[in-house]
Amino acid sequence: MTPDARGYFGSFGGRFVPEVLIAALDELEKATAAAFADAAFWNEYHAVLRDFVGRPSPIYQSERYTAAVSAVPLVLKREDTNHTGAHKINNTVGQGLLARRMGKSRLLAETGAGQHGVATATVGAKLGLPVDVYMGARDVERQALNVHVMRLLGAQVHAVSSGTQTLKDATNEAFRVWAERIEDTFYVIGSVVGAHPYPYLVRELQKVIGVEARRQVLERYGRLPSDVVACVGGGSNAIGIFAGFLDDPEVSLWGVEAGGEGAGKNAASLGAGSVGVLHGSRSYLLQSEDGQVLPTHSIGAGLDYPGVGPEHAYLKESGRARYVSVTDAQAIDAFHEFARSEGIVPALESAHAIAFARILAAERGAHDLILVNLSGRGDKDLGAS
Ligand SMILES: *Cc1c(COP(=O)(O)O)cnc(C)c1O
């Protein structure tokens, strides 16, 4: 669905930002509408995805991972094969092209685990646009390899040493810098979060996953999947693959959140959170009774975020998608099992989806088909697992 004129999916979304950013969001909304209506924009986007990213990514039927528990075909959408190793590049390519079209001369991004920073730095280098990345000082230390890659790609990485020195502080700082430099700077958001039009813009740029996967599954199997499974941090890889199947009511959609170490130590915003406002939009988030954002935890660094995109909140309320969670321990088991049985090392984030797919497989048979979004590869996670 398209959000309404004020940027709402049902009662979720909107724009909760300081006045100074409203003009910039209006400008972005107009530019987005114009670009999306222009075949030249999509032609360029698809050409870059083909030649630089390596799309279409293949689908691949798992041979062994679920064979002992079920005869259901388990089919993976291989976003791990993309340049830079995950789905995030689909989004940064689109926003980079949009920035250039708008005449912006620099890109600004915040990053937690560093994956979105790397994807933005990659596109900045490719398009010749300077990139400033804001990152919590603790994350700069914890994610030294990604910081090194960003710098190699020519990006300036700024360590933010306020607050908890993590993603939410980096986001606050990036917003502050954006407000000062709205004229020449494009803010590249990394998931389907933030103020309108970002959740819609990022959804449309990640939709390529679901559109390709639907066509590929139909071509190879002659039927639609019974179930589509994806992990949910901010929600962009999940919305991207769900978007291909929203109009197929017979396809069940499953979002898998980070159950972490259980109650009080997780990042399951939809499962364990409540409705509120975070980073510019109304959605579910992990907050205390008086509205303070709670600390989160997940072994999957990209899932470790206290909020979730507003369209997921809407899909949860409408019942069109269901949201479950998988613990750190289950995800780590799946990470090892999957690597050994398939010859693919998944990202720990993706391992959450893979773990749930096996639970679901036990309830499905040969006439069904489970499609899992393998959002990224796991090289980055070797230290954590
Ligand atoms: C960033 C990331 C995620 C989580 O982000 P979403 O916006 O929820 O998709 C999931 N998987 C991988 C591999 C990531 O890098």
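In this text, all values refer to a predicted model and were calculated from it rather than measured experimentally.

Student: So, the side chain of Ser252: which residues are in play, and what are the values?
Tutor: As for its position among the elements, Ser252 is in strand β10 (residues 252–260). Engagement of the side chain of Ser252 in a polar contact is seen with the side chain of Arg322, the distance being 3.4 Å. Here Ser252 is in contact with Ser226, Asp227, Val228 and Arg322, once residues within four sequence places are set aside.

Student: An account of the site of the ligand is requested, with residue identities and associated values reported.
Tutor: The local shell around the ligand holds 16 residues, among which Lys88, Ser191, Gly233, Gly235 and Ser236 are the closest. Here an oxygen atom of the ligand sits 2.8 Å away from a polar atom, N or O, in the side chain of Asn237. Within the complex, 97% of the 380 Å² of free accessible area of the ligand lies under protein. In the shell around the ligand, the residues fall into three nonpolar, 11 polar and two charged. The residues that make up the shell around the ligand include at least three from each of domain 1 (8–48 + 88–203) and domain 2 (55–86 + 207–381).

Student: Before we move on, can you summarise unusual backbone geometry with the specific residues and values?
Tutor: Here Arg55 and Pro56 are connected by a cis peptide whose omega angle stands at 0°. Relative to the helices and strands, Pro56 is located in the loop between α2 (39–53) and β3 (59–61). Of note, the amide linkage connecting His196 to Pro197 takes the cis form, showing an omega dihedral of 15°. Of note, Pro197 is situated in the loop between β8 (185–187) and α8 (198–221). For Thr84, which is not glycine, the phi torsion reads 75° and is therefore positive. Mapped onto the elements of the fold, Thr84 is located in the loop between β4 (74–78) and α3 (88–101).

Student: Can you lay out the sheet that holds strand β5 (residues 106–111) for me, pointing to particular residues and giving the numbers?
Tutor: On the basis of which strands lie adjacent, the open sheet formed by four strands has the order β7-β6-β5-β8 and parallel pairing. The sheet is open, and its two borders are formed by β7 (156–160) and β8, each paired with just one other strand. Put simply, the sheet's adjacent strands are angled 25° from each other on average, direction ignored. Pairing of β5 with β8, which is carried by three bridges, proceeds in the parallel orientation. Its bridge partner being in β8, Leu108 is matched across the sheet by Tyr187. Running over the sheet, helix α7 (residues 167–180) touches β5, β6 (131–136), β7 and β8 and is turned about 160° from β5.

Student: Kindly report on α3, identifying the contributing residues and their values.
Tutor: Taking 1.5 Å per residue, 14 residues should reach 20 Å; α3 reaches 20 Å between its end C-alpha atoms and fits that length. Counting buried residues in α3 gives 12 out of 14 residues, a clear majority hidden from the surface. Burial in α3 covers these residues: Lys88, Ile89, Asn90, Asn91, Thr92, Val93, Gly94, Gln95, Gly96, Leu97, Leu98 and Ala99.

Student: Kindly report on the domain arrangement of the protein chain, identifying the contributing residues and their values.
Tutor: With domains assigned, the protein chain is organised as domain 1 (8–48 + 88–203) and domain 2 (55–86 + 207–381). With centres defined by C-alpha atoms, the gap from domain 1 to domain 2 works out at 23 Å. Taken residue by residue, the interface counts 32 residues in domain 1 and 34 residues in domain 2. Carbon and sulfur atoms supply 65% of the area buried between domain 1 and domain 2, which totals about 2500 Å² over both sides. Applying the counting rule to domain 1 against domain 2 returns one salt bridge. Arg203 is the salt-bridge partner of Glu311, the closest N and O atoms lying 2.9 Å from each other. At the boundary of domain 1 and domain 2, one finds 11 residue pairs in polar contact (both at pLDDT 80 or more).

Rules and cut-offs
- Residues numbered from 1 in each chain as written.
- Predicted model: local features only at pLDDT ≥ 70, side-chain atom pairs only at ≥ 80, totals over all residues.
- Heavy atoms only, no water.
- Helix = DSSP H or I, 4+ residues; strand = E, 2+ residues; numbered from the N terminus.
- Polar contact = N/O pair within 3.5 Å; in protein donor to acceptor, adjacent residues only side chain to side chain.
- Contact = heavy atoms within 4.5 Å.
- Near = heavy atom within 4 Å.
- Areas by Shrake-Rupley, 256 points an atom, 1.4 Å probe, with all protein chains shown as cover.
- Nonpolar A, V, L, I, M, F, W, Y, C, P; charged D, E, K, R; others polar.
- Domains from an automatic or database assignment.
- Pairing = 2+ DSSP bridges.
- Axes fitted to C-alpha atoms, helices over the stretch in contact; angles between N-to-C directions.
- Expected span 1.5 Å × (residues − 1).
- Buried < 20%, exposed > 50% of the residue type's maximum accessible area, 1.4 Å probe, protein only.
- Buried area = accessible area lost by both parts, 1.4 Å probe.
- Salt bridge = Lys/Arg side-chain N within 4 Å of Asp/Glu carboxyl O.

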